[in-house]
Amino acid sequence: MVSRERPSSGELTYDRGTLVVHAPQTCCPSPHFIWDARTDSWRAPAWRYPTVTRVLSEAHGDRFNDRVLEVVDLQLVTKELHTLREDQREALTRWRGADDRGLIVMPTGTGKTEIAMTAMTDCGTATLIVSPIRDLMYQWHRRIQRAFGNDAGILGDGRHEIRPITVTTYDSAFIYMDQIGNRFGLIVFDEVHHLAGRNLRQAAELCAAPRRLGLTATLERTDGLHMALMDLVGPVVYRQEVSEARGRTLAEYETIRIPVHLTPREQRHYNAAAATVRYFVMERRKTNPSYTWQDVCSEAARDPAARRALRAFRFKATIEDRAEEKLRVLEDLFRLHAQEPVLVFAGSNSMAVDISRRFLLPVLLHHSRKEERYWALDGFTNGRFRALVANQVLDEGIDVPAVKVAVVVGGLASTRQAKQRLGRILRKTGSARAVLYEIVCDETHEKERSRQRRQSDAYSGTRTMREHTLQYRVGR
Amino acid sequence: MLTKEHALFTFDRFEVRADCLTRVQHARYREMASKLLYIYHHGRGLTRRDLHRRSETVFTDEADCPPQRVRAFVKLLDDVSEFETDREGRAAELRRRVFELAALRHPLVRRPDRLFESAEGKVKADIANQLAQPWRVIESSMHRDFPEFHRLQVFHGYRDADALLNRYNVAQAQVLLFWAEEMTITARSDLKMLFRYAKLAGLLHEVTAVAPSVYRIRLTGPVFVLKQTRRYGVNFAQFLPALLACRDWQMQAKLHFGKFRSFLRISSESGLRSFYKPEKEFDSALEEKFARKFGTERDGWKLERETEALVKGQKVFLPDFVFRHQDGAVVYFEIVGYWTPEYLAAKWKTLAMFADRLILVSVSKPLALSQENFMPPGTLTHGRTLQLAQVLERLKQVRERKGRNFGGGDSLIPSAPV
């Protein structure tokens, strides 16, 4: 609990995401402090804790009383922790050399989690692990259980258990950090690129943990916000490119695009919806030549015709997303890889459920309960299920080493999502070669989305496989 | 409460206005709100998806109807509904059995051959046999726990269409506050409620007296001095219903939208009604009786109920009554009822913080007897009623002292036993 007792003058305390010193207004304790007339005290951002303590110690020596951190020391007994490879060891050494602060950028599947676990044992302090989604939070929870036999606390998904090792999500960290920001000595940001968002970064700003580790495969953001991470978490201490790791620490892989066509019935509906949209926009452009799609969206608020055009547009997208032919191609891919685990990424919940219903496969969606997630992932890992369907919940960080085949049946135009999805199958196991299929509705807008998301080095060399080639390969 | 995706607002220069449905301009919405209530009142057993689809049809021909408005109404109706969510996990258990049975025959194909014999239809029929249920029933039950397939059990609803429309208007103002960085309120009454709910919402205040019994209260979050942030937006939104339950106030919130800032202004005259119950005028019958007995004016003293706030940092003390004499003398009156010794100790501590003010205290007799040692001299005591004569006598003493030397430090409260 954060102490509500009013601290005496000369003490540095933590108050709801800030550092507080009760000193006269004329006496600024150190840089970063600002006078707060509301409480007659000096305040500084919690993330400045290391700098502030250094300045105050130099200035006041023993008279300075630091009451910020309420952290327990941990002696972690390792039960199942892999020995680090040379590159992982190098990354950890550089992080430790940078005062236990910094970012490690390595491709998915190169064992960033293992680096973080070793960092936890080396630091021996209360640790908070922040991950983007609940599935990853639970995956960390289980990994910690296996590695240290430690039942970590969970903050998020309706649970509020704070323990010396606690796992949480970025959303929960943003909400609760002002209450728990002084309870940890080390904070690990998994998929740290999420932290750079203007709101979510407060999860780091309100936290006083002096040791900070950020892990990601895709640091750079197109909006440039990732630069803020250099201050909040630390500089990039280690970077490894996919090309460096391909074939060495990552599996060799290929990406294959399979174009499909709409059925005549779907095409009829698609054409009708497209005509509705086209006709509406054309009519508007007669009076306003610069009329754009943005105008349709804003006009939908007051014009039923614009609303109909918008509905038609969404209907078109649904047809692309849930095209019947995709299910047929998926059947062929299941035949082709009948003996291997296959991960299927859908573009929407509806499509994920369609696939699950058609092939009777477990499906993971954002609202799936923890027990069902564990059951499905365990079944998939141990081979009881040879395929697993998900919408976006498995995009990042989920660790199923044996999977070497993934099928994308729909998704965003984002290259980040595409790289993350590809990353799910790149963990090296022996000499197995990974393959990612992308089923795309040809002659629709989906083709453009697919082209955009493949604008990444990781997708260079994508080849196109025609349906008849696939049918030939499965012997039909 | 709504979320940002439901927010609907317009800008007018530097001011932002939350969507507000009015009786004159949006008369049709009353009928539509009635239809929505009808759908939910008679929708028991329907899935969430069906309810939403039916609700959307109500707005089909309405020209002035942004999609956010439709979604907001649906959310507000869902918020006061109880859905069957399959807590026992029957659907998940059924899925588990079906998927495990099917896993043995993966992949299910449309055209079986020698290599892949598991025809989809055949496998599903076999599973239906094993589970002794028609496949149609299995398929419809398998996803009952998905939010869109939750079935409506109870609809608590709103009193009538007007109540729903008012709730919508308040919710739109609330959601706009998600973008708020700070809020300034000019208040004239119900100060106790204002400060209590501001504290409950985790907000810090700065209070300035702008006129007798008129205060400007600036509410911000702890981090505000370091960084203007919207992280307290939810706190402001939670505070709004309490503010709406108060009387005689104006509020201005500073909102931050990406690259520019704007203001939201609301007042007690804006027509938004709170769904919180307003505070009772008096805390107890004792106080009410005393106020009645005193009347509006006696011996040149006027009696006001909780109109003055005494503020020191984040500590706010609102004495129960204020006696204001026509010559400018002000005496505060605090009544302590039947409370614990700890409460009384805290009360003395608070009063000690405002020792420079003239505060008259009356403590209930049983408490006064049991806590006699800690009772500062000069403290009045009362039984079931407050002795008006006793109070007037003390006020007279104050007047006499005022004649000699009336000023700061002439406190009626001696050093408190802390």
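Worth saying up front: this structure is predicted, and the values here are computed from it rather than measured.

The rules behind these values
Residues numbered from 1 in each chain as written. Chains lettered and ligands numbered in written order. Predicted model: local features only at pLDDT ≥ 70, side-chain atom pairs only at ≥ 80, totals over all residues. Heavy atoms only, no water. Helix = DSSP H or I, 4+ residues; strand = E, 2+ residues; numbered from the N terminus. Buried < 20%, exposed > 50% of the residue type's maximum accessible area, 1.4 Å probe, protein only. Lys, Arg positive; Asp, Glu negative; His and termini not counted. Charge placed at Lys NZ, Arg CZ, Asp CG, Glu CD. Contact = heavy atoms within 4.5 Å. Buried area = accessible area lost by both parts, 1.4 Å probe. Salt bridge = Lys/Arg side-chain N within 4 Å of Asp/Glu carboxyl O. Polar contact = N/O pair within 3.5 Å; in protein donor to acceptor, adjacent residues only side chain to side chain. Nonpolar A, V, L, I, M, F, W, Y, C, P; charged D, E, K, R; others polar. Pairing = 2+ DSSP bridges. Axes fitted to C-alpha atoms, helices over the stretch in contact; angles between N-to-C directions. Domains from an automatic or database assignment. Parallel < 35°, antiparallel > 145°, perpendicular 65-115°, else oblique. Left-handed = near helix turned anticlockwise from the far one by under 90°. Phe/Tyr/Trp six-rings, centres within 6.5 Å; stacked < 30°, edge-to-face > 60°. Lys NZ or Arg CZ within 6 Å of the ring centre and 35° of its normal. Core = buried A, V, L, I, M, F, W, Y, C linked by side-chain atoms within 4.5 Å. Disulfide = S-S within 2.5 Å. Patch = residues over 30% accessible without salt bridge, like charges linked within 9 Å, V, L, I, M, F, W, Y side chains within 5 Å. Areas by Shrake-Rupley, 256 points an atom, 1.4 Å probe, with all protein chains shown as cover.

Enquirer: For this particular structure, what's the right way to read the overall build of chain A?
Expert: The helix and strand tally for chain A stands at 17 helices and 20 strands. Projecting the C-alpha coordinates of chain A onto the three principal axes gives extents of approximately 80 × 60 × 40 Å. Looking at chain A residue by residue over its 476 residues, the buried ones come to 56%. Looking at chain A, you have 72 positive and 60 negative side-chain charges, and the mean spots of the two groups are 5 Å apart.

Enquirer: Explain the interface of chain B and chain A to me, please; I cannot follow it from the model alone.
Expert: For interface size, the figure often reported is the accessible area lost on association. Counting residues at the interface gives 54 residues for chain B and 48 residues for chain A. For the pair chain B and chain A, the summed buried area comes to about 4400 Å², and 55% of that belongs to carbon and sulfur atoms. On the chain B side of the contact with chain A, Phe99(B), His106(B) and Arg231(B) bury the most area, a combined 17% of that side's loss. In this structure, the salt-bridge partner of Lys227(B) is Glu205(A), at a minimum N-O distance of 2.8 Å. The interface formed by chain B and chain A holds 22 residue pairs in polar contact (both at pLDDT 80 or more) in total. Looking at the side of chain B that touches chain A, the elements with two or more residues in it are helix 4 (90-103), helix 5 (120-131), helix 6 (135-141) and strand 6 (204-211) of chain B. Top contributing element to the side of chain B that touches chain A by residue count: helix 4 of chain B, with 8 residues. Taken together, the residues of the side of chain B that touches chain A sort by class into 25 nonpolar, 12 polar and 17 charged.

Enquirer: Whenever I open this one, the environment of Arg268(A) confuses me. Can you help?
Expert: Residues and elements named next belong to chain A. For arginine 268, the location among the structural elements is in helix 9 (residues 264-287). We classify arginine 268 as exposed; its relative accessible area is 56%. In this structure, the C-alpha to C-alpha distance between arginine 268 and glutamine 145, residues 123 residues apart in sequence, is 54 Å.

Enquirer: Would you mind going over the side chain of Thr218(A) with me for this structure?
Expert: Residue and element names in this part refer to chain A. With respect to the secondary-structure elements, threonine 218 resides in the loop between strand 12 (211-216) and helix 7 (228-232). Using a relative accessible area of 7% as the deciding quantity, one classes threonine 218 as buried. Leave out the neighbours within four places in its chain, and threonine 218 touches His193, Arg416, Lys419 and Gln420.

Enquirer: What exactly am I supposed to notice about the sheet that holds strand 13 (residues 236-239) of chain A here?
Expert: What links the strands of a sheet is backbone hydrogen bonding, and the strands pair in either a parallel or an antiparallel sense. Residues and elements named next belong to chain A. Pairing in this open sheet of 8 strands is mixed, and the strands run 9-8-10-7-11-12-6-13 from one edge to the other. Each having just a single partner strand, strand 9 (159-160) and strand 13 make up the two edges of the open sheet. Summarising the sheet, strand 8 (residues 153-156) and strand 9 pair through 2 bridges and their orientation is antiparallel. Bridging from a neighbouring strand, glycine 156 pairs with arginine 159 of strand 9. Contacts from helix 5 (residues 170-180) reach strand 7 (127-131), strand 8, strand 9, strand 10 (165-169) and strand 11 (186-190), with the element oriented near 130° to strand 10.

Enquirer: Looking at this structure, how should I read the domain arrangement of chain B?
Expert: For chain B, the domain assignment lists domain 1 (4-82 + 157-267), domain 2 (90-144) and domain 3 (285-400). Using only C-alpha atoms to locate each centre, domain 1 of chain B and domain 2 of chain B end up separated by 48 Å.

Enquirer: Hey, could you run me through the pattern of salt bridges in this one?
Expert: Proximity of charged atoms lets side chains of opposite charge pair with each other. For the structure on display, the rule yields 66 salt bridges over all chains. One connected set of salt bridges, linked through shared partners, spans Glu331(A), Arg335(A), Arg358(A), Arg110(B), Asp113(B), Glu120(B) and Lys124(B).

Enquirer: Help me understand the packing of helix 4 (residues 134-148) of chain A against helix 14 (residues 370-381) of chain A in this model?
Expert: For any two helices packed against each other, one specifies the inter-axial angle together with the distance between the axes. Residues and elements named next belong to chain A. It is the contact of helix 4 with helix 14, at a shortest axis distance of 11 Å, that shows an interaxial angle of 70°. In terms of axis orientation, helix 4 runs roughly perpendicular to helix 14. Our pair here, helix 4 against helix 14, has a crossing hand that is right-handed. Taking contact as the criterion, the partners of Arg134, Asp135, Tyr138, His141 and Arg142 in helix 4 are, on helix 14, Lys370, Arg373, Tyr374 and Asp378.

Enquirer: Teacher, can you tell me more about the packing of aromatic side chains here?
Expert: The way to describe two aromatic rings as a pair is by their centre distance and the angle between their planes. This structure, assessed with the given rule, holds 28 aromatic pairs over all chains. Ring plane angle 70° and centroid distance 5.3 Å describe the contact between Phe11(B) and Phe260(B), whose orientation is recorded as edge-to-face. One end of the pair, Phe11(B), is in strand 1 (residues 9-12); the other, Phe260(B), is in strand 9 (residues 260-267), and 249 residues separate them in sequence. Geometrically, the ring pair formed by Phe290(B) and Phe294(B) is tilted, given 6.1 Å between the ring centres and 45° between the ring planes. Of the two residues, Phe290(B) and Phe294(B) both sit in helix 10 (residues 285-294), 4 residues apart, roughly one turn of that helix. The exposure class assigned to Phe290(B) is buried, which follows from its relative accessible area of 2%. The structure contains a cluster of three or more aromatic residues connected by ring pairs, namely Phe290(B), Phe294(B), Trp301(B), Phe321(B), Phe323(B) and Phe333(B). One residue, Arg231(B), lies across the ring of Phe174(A), its end atom 4.9 Å from the ring centre.

Enquirer: Teacher, can you tell me more about the nonpolar core here?
Expert: For soluble globular proteins, nonpolar side chains are generally found buried alongside one another. In this structure, Leu177(B), Ile185(B) and Met251(B) are the most contacted members of the largest nonpolar core, which totals 103 residues. With 10 residues, the single largest contributor to this core is helix 7 (residues 161-176) of chain B. When residues are assigned to domains, this core turns out to be shared by domain 1 (4-82 + 157-267) and domain 3 (285-400) of chain B, each giving three or more. Setting aside anything within four residues of it in sequence, one finds Leu177(B) in contact with Met183(B), Gly233(B), Phe236(B), Ala237(B), Leu240(B), Met251(B), Ala253(B) and Leu264(B). Grouped together as the second largest cluster of nonpolar side chains are 41 residues, Ala376(A), Val400(A), Ala102(B) and Leu131(B) included.

Enquirer: Which parts of the structure should I look at to understand the state of the cysteines?
Expert: Throughout this description, disulfide means a covalent bond between two cysteine sulfur atoms. By the definition in use, this model includes 0 disulfides over all chains. Cysteine Cys297(A) remains unbridged, with the sulfur of Cys65(B) as its closest cysteine sulfur at 16 Å. Residue classification places Cys297(A) among the partly exposed positions, given a relative accessible area of 31%. With relative accessibility at 1%, the residue Cys65(B) sits in the buried group.

Enquirer: Is there a simple way to think about the environment of Ala63(B) in this case?
Expert: For Ala63(B), the position within the fold is in the loop between helix 2 (48-58) and helix 3 (67-79). Leave out the neighbours within four places in its chain, and Ala63(B) touches Ala301(A), Arg302(A), Asp303(A), Pro304(A) and Arg307(A).

Enquirer: Honestly, a positive patch on the surface in this entry has me stumped. Any pointers?
Expert: All names here are of chain B. Together, Lys289, Arg292, Lys293, Arg298 and Arg384 give the surface a local cluster of positive charge. Take the positive patch: its biggest share by element is 3 residues, from helix 10. Tracing the chain through its elements places arginine 298 in strand 10 (residues 297-298). Owing to a relative accessible area of 31%, arginine 298 belongs among the partly exposed residues under this scheme.

Enquirer: Please explain unusual backbone geometry as it appears in this structure.
Expert: If a residue is not glycine, its phi is most likely negative; likewise, a peptide bond is most likely trans. All names here are of chain B. The peptide bond linking histidine 106 to proline 107 adopts the cis configuration, its omega dihedral lying at 0°. Note on placement: proline 107 falls in the loop between helix 4 and helix 5. Here aspartate 299, not a glycine, exhibits a phi torsion of approximately 50°, which is positive. With respect to the helices and strands, the residue aspartate 299 is situated in the loop between strand 10 and strand 11 (301-305).

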